[in-house]
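# Chain and residue survey
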Amino acid sequence: LRSPPAMHIQGRFSLRFPTTVPAMVGLLHLARIPLRTSAFFPSLVPVRRYSRTGLSSRSRGGRGRAGREERISGGLRTYDTTDLGWETFEFSGRPKLDGRFDKLAAGGIGPEDRLCPDREAEEDEHASSALEESARVLVGMSAAETARCQALISPLLTESRLARIDAVLSVRTARSRFLFENPSNPSNVWACLRTIDSFGIQNVDLVVDPSSYVGPSAVAQKRGMRVAMGSAQWLTLRSHPGAMDAVADMRAKGFKIYASDLSPGSVDVRELDWDDGPVCVVMGNEETGISDEMRRTADATFTLPMSGFAESFNLSAATAVTLAHMSAASNESAGTGPLRPGDIDADKSAVIRLQWMLSSLPKKGMGGKILKRHGIELPEAFNRL
């Protein structure tokens, strides 16, 4: 499916779907659901084309699309992520083997590329460490350091770009987060991340258990998953080696765990208590769903209402519909529900703003070099921006 053309509203605005299938399914569901689109759909703003310092990865000369690297034994493997855009994204005809996430997928998987448990474990550990380091940065910089860095980078960005960053950040929420358990389709994950971003959620977690990836295409799926997570620079992401590791981490942070599941004991998503505390929404594998461990430990499992012959939604569509219900259950003025825009504390917001400013520069690593000239050594996580 191709993205539908823009629909102009009163000659001033253009509505562009953040995803294809997920957005269409979500909009169909929203025919019966009052959704606060103005708060969470950045597509309902005047359409502008930014310069190389704009948000669109296409307008930044390929930033966020190509040249992604991943460390392996004996060197770095470079993945071809050409046309891996954030504002717009077309599904591949072979989504599980999408060459934008792994060049091996595009050229075919040979015997030398099959899953090697030891090597994959090393690459998983490296990818997880990189995400952990990025998360630690949020609490590792002082307010004064962050403010000084912002002051040095701000002159390099347009006023409209800075305004866009501030507008998006003002409606970000940390009250809810999503966790994807062993997904197999990197295109689906990429679409999910973009949809989550459009609803204002900042934090996303991923479980990649090596034992869940089998078969000839497993190596491409796992590498594609790492590329998808590593390329989503507008979100704060974390990776976990197993479901129970993720659950323990969520429990330690005070999150309730609501998992999407088709089992008979699941409740309708509209019956969930979204005000019982911070919520982590778990989405399972596209074919097998959530694991038995996750099912046993979740505070609640839920299903999405359906009226047709189909038994389940595609992962990206299910994520979009779930977010639509979460938005409908939220009341911004009353401060209730799972989506509470603007609830990220000031220090973390300042660091996220700096990360987004660095990611908006035309060249990767440019911001770090500029700050270094002023005697500021950024953490390694920032040098990748």
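The structure under discussion appears in the preceding block.
This report concerns the structure included in the present document. (Residues numbered from 1 in each chain as written. Predicted model: local features only at pLDDT ≥ 70, side-chain atom pairs only at ≥ 80, totals over all residues. Heavy atoms only, no water.)

This next bit is on the overall build of the protein chain. In terms of regular secondary structure, the protein chain is built from 14 helices and eleven strands. Classification of the 385 residues of the protein chain by burial places 53% in the buried group. Considering only contacts within the protein chain whose residues lie at least 6 apart along the sequence, 76% involve residues at least 24 apart. Split by element, the accessible area of the protein chain, about 17,000 Å² in all, is 53% carbon and sulfur. (Helix = DSSP H or I, 4+ residues; strand = E, 2+ residues; numbered from the N terminus. Buried < 20%, exposed > 50% of the residue type's maximum accessible area, 1.4 Å probe, protein only. Contact = heavy atoms within 4.5 Å. Areas by Shrake-Rupley, 256 points an atom, 1.4 Å probe, with all protein chains shown as cover.)

To continue, consider the environment of Leu179. Along the polypeptide, Leu179 turns up in strand β5 (residues 176-181). For Leu179, a relative accessible area of 2% gives the class buried. Distance in space between the C-alpha atoms of Leu179 and Val281 is 6.0 Å, their sequence separation being 102 residues. What Leu179 contacts, discounting residues up to four positions off in sequence, is Asp205, Leu206, Val207, His240, Ala246, Cys280, Val281, Val282, Met283 and Met294.

Note on sheets: strands pair through backbone hydrogen bonds, and any given pair is parallel or antiparallel. With respect to topology, seven strands assemble into an open sheet ordered β7-β6-β5-β10-β8-β11-β9, the strand pairing being parallel. Each of the sheet's edge strands pairs with one partner strand only, and the pair in question is β7 (236-240) and β9 (267-268). Of the pairings in the sheet, the one linking strand β6 (residues 203-207) to β7 comprises five bridges and is parallel in character. Paired with Asn203 across the strands is Thr236, a residue of β7. Packing against the sheet, helix α7 (residues 186-198) makes contact with β5, β6 and β7, and its axis sits at approximately 175° to β5. Against the sheet, helix α11 (residues 315-328) contacts β5, β10 (279-283) and β11 (300-303), and its axis sits at roughly 160° relative to β5. (Pairing = 2+ DSSP bridges. Axes fitted to C-alpha atoms, helices over the stretch in contact; angles between N-to-C directions.)

Taken as a whole, this structure holds three aromatic pairs when the rule is applied. The interplanar angle of 75° and the centroid separation of 6.4 Å between the aromatic rings of Trp234 and Trp356 together place this pair among those described as edge-to-face. Separated by 122 residues along the polypeptide, Trp234 in the loop between α8 (218-231) and β7 and Trp356 in helix α12 (residues 346-359) bring together distant segments of the chain. With respect to class, Trp234 is no different from Trp356; both count as buried. Directly above the ring of Phe255 sits Arg177, whose terminal nitrogen or CZ lies 5.2 Å from the centroid. (Phe/Tyr/Trp six-rings, centres within 6.5 Å; stacked < 30°, edge-to-face > 60°. Lys NZ or Arg CZ within 6 Å of the ring centre and 35° of its normal.)

Okay, the pattern of salt bridges next. Close approach of charged atoms allows side chains with opposite charge to pair. Summed over all chains, the structure comprises twelve salt bridges. A salt bridge links Arg270 to Asp268, with the nearest nitrogen and oxygen atoms 2.9 Å apart. Sharing partners across several salt bridges, the network here consists of Arg238, Asp249 and Lys253. (Salt bridge = Lys/Arg side-chain N within 4 Å of Asp/Glu carboxyl O.)

This brings us to unusual backbone geometry. Phi angles above zero are rare outside glycine, and Asn182 is one such case at about 50°. With a relative accessible area of 10%, Asn182 lands in the buried category.

Attention now moves to helix α6 (residues 159-170). Its twelve residues give α6 an end-to-end C-alpha distance of 16 Å, which sits within 8% of 16 Å, the value for a rise of 1.5 Å per residue. Those residues of α6 not exposed but buried are Arg161, Leu162, Arg164, Ile165, Val168 and Leu169. Angularly, the buried residues of α6 cover 155° about the axis, an arc narrow enough to put them on a single face. Elements in contact with the buried residues of α6: α12. (Expected span 1.5 Å × (residues − 1). Arc of directions from axis to C-beta.)

With that settled, consider the packing of α7 against α11. One can describe the packing of α7 onto α11 by two numbers: an axis separation of 8 Å at closest approach and a directional angle of 15°. If you check the angle between α7 and α11, you find them roughly parallel. The crossing of α7 and α11 is right-handed. For the pair α7 and α11, the contacting residues are Asn188, Ala191, Cys192, Thr195 and Ile196 in the first and Leu315, Ser316, Thr319, Ala320 and Leu323 in the second. (Parallel < 35°, antiparallel > 145°, perpendicular 65-115°, else oblique. Left-handed = near helix turned anticlockwise from the far one by under 90°.)

What follows covers the packing of α6 against α12. The interhelical angle for the contact between α6 and α12, taken along N-to-C directions, is 140°, at an axis separation of 11 Å. Viewed along their axes, α6 and α12 adopt a mutual orientation that is oblique. By crossing handedness, the relation of α6 to α12 is classed as right-handed. Contacts between α6 and α12 involve Arg161, Leu162, Ile165, Asp166, Val168 and Leu169 on the former and, on the latter, Ser349, Ile352, Arg353, Trp356 and Met357. Classifying every residue of the contact of α6 with α12 gives seven nonpolar, one polar and three charged. (Nonpolar A, V, L, I, M, F, W, Y, C, P; charged D, E, K, R; others polar.)

Another aspect to go through is the nonpolar core. Formed by 31 residues in total, the largest nonpolar core has its most connected members in Phe178, Phe180, Trp274, Val281 and Met326. Mapped by element, the contributors of at least two residues to this core are β5, α7, β6, β10, β11 and α11. Apart from the residues within four sequence positions on either side, Phe178 is in contact with Ile196, Ile201, Asn203, Val204, Asp205, Val281, Met283, Thr319, Thr322, Leu323 and Met326. Core analysis: the next-biggest nonpolar cluster, separate from the first, contains 20 residues, Met141, Leu354, Leu358 and Leu378 among them. (Core = buried A, V, L, I, M, F, W, Y, C linked by side-chain atoms within 4.5 Å.)

Turning our attention to the pairing of β11. Note: strand β8 (residues 256-260) against β11, three bridges, orientation parallel. Pairing of Tyr258 across the sheet is with Ala300, part of β11. Taken together, the two bridges between β9 and β11 define a ladder with parallel strand orientation. Directly across from Asp268, in β11, lies its bridge partner Thr303.

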